[in-house]
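# Notes for the structure review
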Amino acid sequence: MSDAAHALRVPWERARVLVAGLGVSGRAALAALTPRAASVVTVDRAAPDADVQDAARVDLSTIDLVVASPGWAPSSGLLVAAREAGVPVWSEVELAWQLRTPRADGSCAPWLAVTGTNGKTTTVEMLTSILSAAGLRAAAVGNVGTPVVTAALDPDIDVLAVELSSFQLHFTHSMSARAAAVLNVAPDHIDWHGSLDAYAGDKGRIYERAQVACVYNVADPRTEHLVREADVEEGARAVGFTVGAPARAQLGVIEDVLVDRAFHTAPDDPARHRSAQELATFADLAHLAGPDGVVPVHVVANALAAAALARAHGVDARAVRDGLRSFSPGAHRIAHVATVDGVSYVDDSKATNAHAAAAALGAFAPGSVVWVAGGLAKGATFDELVRVRLSRLRAVVLIGVDPEPLAGALARHAPDVPVVRVDPGDTGTVMQRAVSSARGLAVPGDTVLLAPACASMDQFASYAARGDAFVRAVHDLTGSETELEG
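Residues numbered from 1 in each chain as written. Predicted model: local features only at pLDDT ≥ 70, side-chain atom pairs only at ≥ 80, totals over all residues. Heavy atoms only, no water.

### Considering the overall build of the protein
Operational definition: Runs of H or I in DSSP of at least four residues are treated as helices and runs of E of at least two as strands, each being numbered from the N terminus. Note that the radius of gyration is over C-alpha atoms, with the globule rule given as 2.2 Å times the number of residues to the power 0.38. The classification of residues rests on relative accessible area computed with a 1.4 Å probe and restricted to protein chains. Under 20% of the type maximum is buried, over 50% is exposed, and intermediate values are partly exposed. Accessible surface area values rest on a Shrake-Rupley calculation with a 1.4 Å probe, where residue burial reflects the displayed protein chains alone. For the purpose of counting charges, residues Lys and Arg are taken to be positive, whereas Asp and Glu are taken to be negative. His and the chain ends are not included. To locate a charge, take atom NZ for lysine, CZ for arginine, CG for aspartate or CD for glutamate.
The helix and strand inventory of the protein stands at 16 helices and 19 strands. Taking 2.2 N^0.38 as the reference for a compact globule, 486 residues should give roughly 23 Å; the C-alpha atoms of the protein span a radius of gyration of 23 Å, in line with that estimate. Reported as C-alpha extents along the three principal axes, the dimensions of the protein are approximately 65 × 65 × 40 Å. Across the 486 residues in the protein, those meeting the buried criterion constitute 55%. Accessible surface, the protein as shown: approximately 19,600 Å² in total, 51% of it carbon and sulfur. When the 40 positive and 55 negative side-chain charges of the protein are each reduced to one mean point, those points stand 3 Å apart.

Right under this line is the structure:
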């Protein structure tokens with residue numbers, strides 16, 4: 001479909017809108033549309049308050065626009081029918097872009113947008129910390145929690161740090177970010193997109209119409225390819241980030257210093273190609289170090305990506321340093337829960353795919369991890385993950401309604417590693433049983449690591465609910481939180 005085919009063809013006051021899905025983003029869309037559209041109809045088979053539970057009963061001849069929640073795949077019957085009928089389908093992000101509220105000066109708050117298979121939330125939160133250190137009223141929105149449309153209607157926000165999933169990007173058609181980043185692309189959500197190329201293509205949509213910079217990962221050539229394929233605004237630059245020494249137009253690391261060779265001087269400065277500007281040091285990231293006291297490589301990469309986006313927005317180097325110093329990571333990301341009988345328990349429930357789980361496992365010593373893993377595989381395979389991180393494993397505890405994808409990879413590549421499968425049974429006790437099994441496999445000095453490599457929805461409401469259940473189960477080992485370290 002052309003851009004025109006995605007446009008709303010009637011004024012808002014005459015628009016009849018269908019909101020598909022009443023999750024967080026769907027309800028935010030409903031709230032934004034109710035005072036603007038002529039009518040709003042909601043459909044969600046799992047929401048008792050939806051106007052329609054059965055999508056097959058929707059008469060698309062009475063609809064001018066469909067706003068689809070991220071859970072609705074492009075192959076959903078309703079969305080297929082809408083496209084065939086010529087009814088535009090928007091994401092809540094597209095709706096937000098269309099409804100942006102101008103600030104006092106008449107301009108709309110610019111968007112700094114982030115996507116990637118892993119690291120999105122951390123990068124957006126780092127970016128928000130940097131923007132705040134620069135004295136800007138910044139909001140972390142999108143896949144990180146707050147719906148984009150809610151923030152886009154707030155005229156008091158100076159700049160939005162927007163985390164976008166591939167789901168959200170698929171039906172986003174006109175967004176023009178001031179700067180955008182794809183952190184990495186690894187197999188994920190293949191069941192939703194149909195193929196890795198389709199998944200990557202949706203990630204790449206974040207670069208379309210970028211105004212100042214397209215930030216890519218030097219270590220992931222696919223991200224640079226997505227930049228090359230994008231149709232950007234005139235003057236927008238490709239800016240790489242690397243955990244090695246940066247080339248021109250890149251941010252990177254020299255010894256223990258994060259440096260900028262992209263935004264450090266004016267474009268016409270003859271010294272541009274011979275100099276770099278210090279942004280921060282590893283000491284400024286020391287509070288983000290792993291169990292071994294070393295700042296993980298992926299944390300450095302995320303910091304550089306956040307810095308690149310902030311610098312594209314004109315933030316000075318001091319604010320980058322101050323923002324990274326003050327950044328505190330959110331819950332369920334390599335979070336030490338407790339030490340019980342000499343065994344550490346670490347919650348990385350946010351590791352919802354193989355790429356993230358590999359990063360988590362890599363932070364620990366060889367042979368020291370009792371790995372709690374499993375859940376909704378989303379069509380992914382785990383052979384490469386197990387092969388690369390085999391040396392870290394003492395044992396594995398598998399949860400999930402269908403543990404076969406991980407069990408098969410372990411049988412093929414780690415036949416000597418003990419594996420315990422937790423019967424799905426009562427989902428309310430699955431994490432208690434998993435932690436109990438892990439405790440029986442661990443020895444003093446080991447780490448029981450929850451890094452599922454899978455989504456949570458087969459047994460938990462969210463990765464956060466899964467992490468919370470792990471934390472409770474660890475606390476239950478002694479019957480008192482006060483007896484635990486950390």
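### Brief notes about the sheet that holds strand 6 (residues 138–142)
Inclusion rule: DSSP calls a pair of strands paired once it identifies at least 2 bridges connecting them. Axis definition: a line fitted to C-alpha atoms, over the contacting stretch in the case of helices. Angles run 0 to 180 degrees between N-to-C directions.
With mixed pairing, nine strands are arranged side by side in an open sheet as 6-7-5-8-9-10-11-12-13. For this open sheet the edge positions go to strand 6 and strand 13 (277–281), each flanked by a neighbour on one side alone. Each strand axis lies, on average, 20 degrees off the axis of its neighbour in the sheet, ignoring direction. Note: strand 12 (residues 257–260) against strand 13, four bridges, orientation antiparallel.

### Some remarks on the side chain of Ser-349
Short version of the rule: In the analysis that follows, any N or O atom pair within 3.5 Å is treated as a polar contact, provided that within protein one partner can donate a hydrogen and the other can accept it, and provided that, for residues neighboring in sequence, both atoms belong to side chains. Should any heavy atoms of two residues lie within 4.5 Å, those residues are considered in contact.
Looking at where Ser-349 falls in the secondary structure, it is placed in the loop between strand 15 (343–347) and helix 12 (354–361). Judged by its relative accessible area of 0%, Ser-349 falls in the buried class. There is a polar contact of 2.6 Å between the side chain of Ser-349 and the backbone oxygen of Tyr-463. A polar contact is formed between the side chain of Ser-349 and the backbone nitrogen of Gly-467, at a distance of 3.4 Å. Excluding residues within four positions of it along the chain, Ser-349 makes contact with His-332, Leu-450, Pro-452, Tyr-463, Arg-466 and Gly-467.

### Quick notes on the packing of aromatic side chains
Where we set the bar: Paired rings are identified among Phe, Tyr and Trp, the last through its six-membered ring, by centres lying within 6.5 Å, and are further divided according to the angle between planes into stacked (under 30 degrees), edge-to-face (over 60) and tilted (the rest). Definition used: whenever NZ (Lys) or CZ (Arg) falls within 6 Å of the ring centre and also within 35 degrees of the ring normal, the charge is taken to sit over that ring.
Overall, the coordinates contain two aromatic pairs when judged by the stated rule. With a centroid separation of 6.0 Å and an interplanar angle of 75 degrees, the aromatic rings of Trp-12 and Trp-90 are classed as edge-to-face. A residue pair is termed long-range when its members are at least 10 positions apart, and Trp-12 in the segment before strand 1 (16–20) and Trp-90 in strand 4 (residues 89–91) qualify at 78 residues. When its relative accessible area of 2% is taken as the criterion, Trp-90 is described as buried. Relative to Trp-111, the ring of Trp-97 has its centre 4.9 Å away and its plane inclined at 85 degrees; by these criteria the two rings are edge-to-face. Of the two residues, Trp-97 sits in helix 3 (residues 92–98) while Trp-111 sits in strand 5 (residues 111–115), which places them 14 residues apart along the sequence. Taken as a pair, Trp-97 and Trp-111 share a single burial class, namely buried. A cation sits over an aromatic face here: Arg-100 above Trp-97, 3.5 Å from the ring centre.

### Side note on the UniProt feature "binding site: ATP" (unreviewed entry) in the protein
Test applied: UniProt positions are given in the numbering used here, feature names are shortened, and annotations may be inferred rather than shown by experiment.
With numbering aligned to this structure, UniProt lists the feature "binding site: ATP" (unreviewed entry) at Gly-116, Thr-117, Asn-118, Gly-119, Lys-120, Thr-121 and Thr-122. By secondary structure assignment, the location of Lys-120 is in helix 4 (residues 120–133). Accessibility expressed as a relative area gives 11% for Lys-120, which makes it buried. Once residues within four sequence positions are removed from consideration, Lys-120 is found in contact with Val-114, Thr-115, Asn-143, Glu-163, Leu-164, Leu-183 and Lys-203.

### A few points about the environment of Leu-449
Following the sequence through the fold, Leu-449 ends up in strand 19 (residues 447–450). Sequence spacing of Leu-449 and Gly-314 is 135 residues, and the spatial spacing of their C-alpha atoms is 40 Å. Look past the residues within four positions of Leu-449 in its chain and what remains in contact with it is Val-346, Asp-348, Ala-360, Leu-361, Phe-364, Val-369, Val-370, Trp-371 and Val-372.

### Looking at the packing of helix 15 (residues 430–441) against helix 16 (residues 463–476)
In plain terms, the rule: The cut-offs work like this: below 35 degrees is roughly parallel, past 145 is roughly antiparallel, 65 to 115 is roughly perpendicular, and the gaps in between are oblique. Each crossing gets its hand from how the near helix is turned against the far one by less than a right angle, where anticlockwise is left-handed and clockwise is right-handed. Under the scheme applied here, ten amino acids are nonpolar (Ala, Val, Leu, Ile, Met, Phe, Trp, Tyr, Cys and Pro), four are charged (Asp, Glu, Lys and Arg), and all others, including Gly, are polar.
Where helix 15 meets helix 16, the closest approach of the two axes is 8 Å, and the angle between their N-to-C directions is 55 degrees. As judged from the angle between their axes, helix 15 and helix 16 are oblique. Seen from above, helix 15 lies across helix 16 with right-handed handedness. In this structure, helix 15 contributes Met-431, Gln-432 and Val-435 to the contact, and helix 16 contributes Arg-466, Ala-469, Phe-470, Ala-473, Val-474 and Asp-476. In the contact of helix 15 with helix 16, the residues fall into six nonpolar, one polar and two charged.

### A closer look at the side chain of Asp-446
Checked against the element boundaries, Asp-446 lands in the loop between helix 15 and strand 19. Owing to a relative accessible area of 3%, Asp-446 belongs among the buried residues under this scheme. Separated by 2.4 Å, the side chains of Asp-446 and Arg-394 make a polar contact. Residues contacting Asp-446, with those up to four places away along its chain left out, are Gly-342, Val-343, Ser-344, Gly-367, Ser-368, Val-370 and Arg-394.

### Some words on the pairing of strand 9 (residues 213–217)
Across the five residues of strand 9, five count as buried, placing the element largely inside the fold. Neither face of strand 9 is exposed, since Ala-213, Val-215 and Asn-217 on one face and Cys-214 and Tyr-216 on the opposite face are all buried. As paired elements, strand 8 (residues 179–182) and strand 9 share three bridges and run parallel to each other. Within strand 9, the position partnered with Ala-179 by the bridge is Ala-213.

### Comments concerning the nonpolar core
Generally speaking, soluble globular proteins have nonpolar side chains that are buried together. Our working definition: In plain words, nonpolar cores are sets of buried Ala, Val, Leu, Ile, Met, Phe, Trp, Tyr and Cys residues tied together by side-chain atoms within 4.5 Å.
If you look at the biggest cluster of nonpolar residues, it comprises 48 residues, and the most contacted ones within it are Trp-111, Leu-160, Met-175, Ile-206 and Tyr-207. Every residue in contact with Tyr-207, bar those within four places of it in the chain, is listed here: Ala-180, Ala-181, Val-182, Cys-214, Val-215, Tyr-216, Thr-223, Leu-226, Val-227, Ala-230, Asp-231 and Val-232. Counting 44 residues, the second largest nonpolar core, distinct from the first, contains Val-239, Phe-241, Ala-307 and Ala-310.

### Digging into the pattern of salt bridges
Applied cut-off: Definition used for salt bridges: Asp or Glu carboxyl oxygen within 4 Å of a side-chain nitrogen of Lys or Arg.
Enumeration over the complete set of coordinates arrives at 13 salt bridges. A salt bridge links Asp-49 to Arg-27; the nearest nitrogen and oxygen atoms lie 2.9 Å apart. Of this pair, Asp-49 sits in the loop between strand 2 (39–43) and strand 3 (65–68) while Arg-27 sits in helix 1 (residues 24–33), and the two are 22 residues apart along the sequence. In this structure Asp-49 comes out as partly exposed when scored by relative accessible area, which is 48%. Arg-27 sits in the partly exposed class, given a relative accessible area of 37%. For Arg-387, the salt bridge goes to Glu-384, with nearest N and O atoms at 2.6 Å. Pair noted here: Arg-387 and Glu-384 are both in helix 13 (residues 383–389), with a separation of three residues, about one helical turn.

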